[in-house]
Amino acid sequence: MLQFDAETTRLLEIAYQGADVTRRRQASFDMIVPRPGEVILDIGCGTGLLTADLARAVGPGGKVIGVDPSADMRKPALLRCQDLAWVEIVDGTANKLPVKKHLADKAISSQVFEYLDDIEGAIREAHRTLKSGGRLVVGDMHFDSFIWFSDHPDRMQRMKESWDDHLAERCVPAILPGILRDG
């Protein structure tokens, strides 16, 4: 599985600002519908790009709590949000959020659940942190739905299979509705 160390953080800091990832982050932002004064939990906040966007939306009357287990990933998040006093960046995982019960109005997670061995547990934990009627937005890729063609099919297949060493679950969007329905 991918290790979120200093080198990975350096590469992701660049990649996360690319056009396609920026569009995915914007889509998640639009789905969470942040409002001034809300408390929003950013599960797996990484380098804090979405955290900072959410903080600007909720303003100083609200609060954004960015949670990430990687100290290397939290460093740029702390720097990015250092002038936003209503942001807290904390150590934690999706399956053990360091947040009180029913604290958050909303919770969001972008490109995180694909790395989790226990997605059901992470959903339960997110729901524990949400107020009654709260909203959870999970944005992950469906890696089995990539449609691409190459003149080198063997190389293309090796590239697709390399994702199996990168993440825990290839098809979060396909399995998540059942988990949510049954949970």
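Just so it is clear, the model here is predicted, and its values are computed rather than measured.

## Concerning the overall build of the protein
Right, on to step 1. When you go through the protein residue by residue, the secondary structure sums to seven helices and five strands.
Right, on to step 2. Reading the secondary structure of the protein in the N-to-C direction produces α-α-β-α-β-α-β-β-α-β-α-α.
Right, on to step 3. Computed over C-alpha atoms, the radius of gyration of the protein comes to 17 Å, within 12% of the 16 Å expected from 2.2 N^0.38 for 183 residues, which places it in the range of a compact globule.
Right, on to step 4. Taken along the three principal axes of its C-alpha coordinates, the protein extends 55 × 40 × 25 Å.
Right, on to step 5. Relative to its 183 residues, the protein shows a buried fraction of 46%.
Right, on to step 6. Taking the intrachain contacts of the protein between residues at least 6 apart in sequence as the baseline, contacts between residues at least 24 apart amount to 73%.
Right, on to step 7. Accessible surface for the protein amounts to roughly 10000 Å². Of this, 54% is attributable to carbon and sulfur atoms.
Right, on to step 8. The centroid of the 23 positive side-chain charges in the protein is displaced by 6 Å from the centroid of its 28 negative side-chain charges.

## Description of the nonpolar core
Right, on to step 1. Formed by 22 residues in total, the largest nonpolar core has its most connected members in L41, I43, F113 and I119.
Right, on to step 2. Breaking this core down by element, the ones donating at least two residues are β1 (39-43), β2 (63-68), β4 (104-110), α5 (119-129) and α7 (172-182).
Right, on to step 3. Broken down by element, the residue count for this core peaks at four residues, all from α5.
Right, on to step 4. The contact partners of I119, leaving out residues within four places of it in the chain, are F113, E169, V172, I175, L176 and I179.
Right, on to step 5. Core analysis: the next-biggest nonpolar cluster, separate from the first, contains 18 residues, F29, L50, A55 and V64 among them.

## A word on the pairing of strand β5 (residues 130-139)
Right, on to step 1. Summarising the sheet, β4 and β5 pair through six bridges and their orientation is parallel. Each bridged residue has a counterpart across the sheet, and for S109 the counterpart in β5 is V138.
Right, on to step 2. In this view, the connection linking β4 to its parallel neighbour β5 by way of α5 has right-handed handedness.

## Details of helix α2 (residues 19-32)
Right, on to step 1. Over its 14 residues, α2 extends 20 Å from the first C-alpha to the last, a length consistent with the 20 Å expected when each residue adds 1.5 Å.
Right, on to step 2. For α2, every residue scored as buried is listed here: V21, R25, S28, F29 and I32. Along the axis of α2, the buried positions cluster into a sector of 100 degrees, meaning they face one direction only.
Right, on to step 3. Two residues or fewer after α2 comes V33, characterised by a positive phi angle close to 50 degrees.

## Thoughts on the pattern of salt bridges
Right, on to step 1. Counted under the stated rule, the structure contains eight salt bridges.
Right, on to step 2. Note that D105 and K131 form a salt bridge whose closest N and O atoms lie 3.2 Å from each other. Separated by 26 residues along the polypeptide, D105 in strand β4 and K131 in strand β5 bring together distant segments of the chain.
Right, on to step 3. A residue is classified by how much of its surface remains accessible, and D105, at 22% relative accessible area, is partly exposed.
Right, on to step 4. For K131, a relative accessible area of 34% translates into the label partly exposed.
Right, on to step 5. Each of the salt bridges in this network shares a partner with another, and the network as a whole consists of R25, D53 and R56.

## Some details on unusual backbone geometry
Trans is the common state for peptide bonds, and a negative phi is the common state for residues other than glycine.
Right, on to step 1. The backbone phi angle of H102 is positive, close to 60 degrees, even though this residue is not glycine.
Right, on to step 2. Its location among the elements puts H102 in the loop between β3 (87-91) and β4.
Right, on to step 3. At Q111, a position not held by glycine, the phi torsion is positive, near 60 degrees.
Right, on to step 4. Tracing the sequence through the fold places Q111 in the loop between β4 and α5.

## A look at the packing of α5 against α7
Right, on to step 1. Two numbers describe how α5 lies on α7: the axes approach to 11 Å, and their chain directions differ by 55 degrees. It follows that α5 is oblique to α7 by the angle criterion. At the point where α5 passes α7, the crossing takes the right-handed sense. Between α5, through I119, E120, I123 and H127, and α7, the contact on the second element is made entirely by V172, I175, L176, I179 and L180.
Right, on to step 2. The residue inventory of the contact of α5 with α7, partitioned by class, reads seven nonpolar, one polar and one charged.

Calculation rules
- Residues numbered from 1 in each chain as written.
- Predicted model: local features only at pLDDT ≥ 70, side-chain atom pairs only at ≥ 80, totals over all residues.
- Heavy atoms only, no water.
- Helix = DSSP H or I, 4+ residues; strand = E, 2+ residues; numbered from the N terminus.
- Rg over C-alpha atoms; globule rule 2.2 N^0.38 Å.
- Buried < 20%, exposed > 50% of the residue type's maximum accessible area, 1.4 Å probe, protein only.
- Contact = heavy atoms within 4.5 Å.
- Areas by Shrake-Rupley, 256 points an atom, 1.4 Å probe, with all protein chains shown as cover.
- Lys, Arg positive; Asp, Glu negative; His and termini not counted.
- Charge placed at Lys NZ, Arg CZ, Asp CG, Glu CD.
- Core = buried A, V, L, I, M, F, W, Y, C linked by side-chain atoms within 4.5 Å.
- Pairing = 2+ DSSP bridges.
- Right-handed = clockwise from strand over helix to strand, strands pointing away.
- Expected span 1.5 Å × (residues − 1).
- Arc of directions from axis to C-beta.
- Salt bridge = Lys/Arg side-chain N within 4 Å of Asp/Glu carboxyl O.
- Axes fitted to C-alpha atoms, helices over the stretch in contact; angles between N-to-C directions.
- Parallel < 35°, antiparallel > 145°, perpendicular 65-115°, else oblique.
- Left-handed = near helix turned anticlockwise from the far one by under 90°.
- Nonpolar A, V, L, I, M, F, W, Y, C, P; charged D, E, K, R; others polar.

So, to be careful, I would describe these as geometric facts and stop short of saying anything about function.
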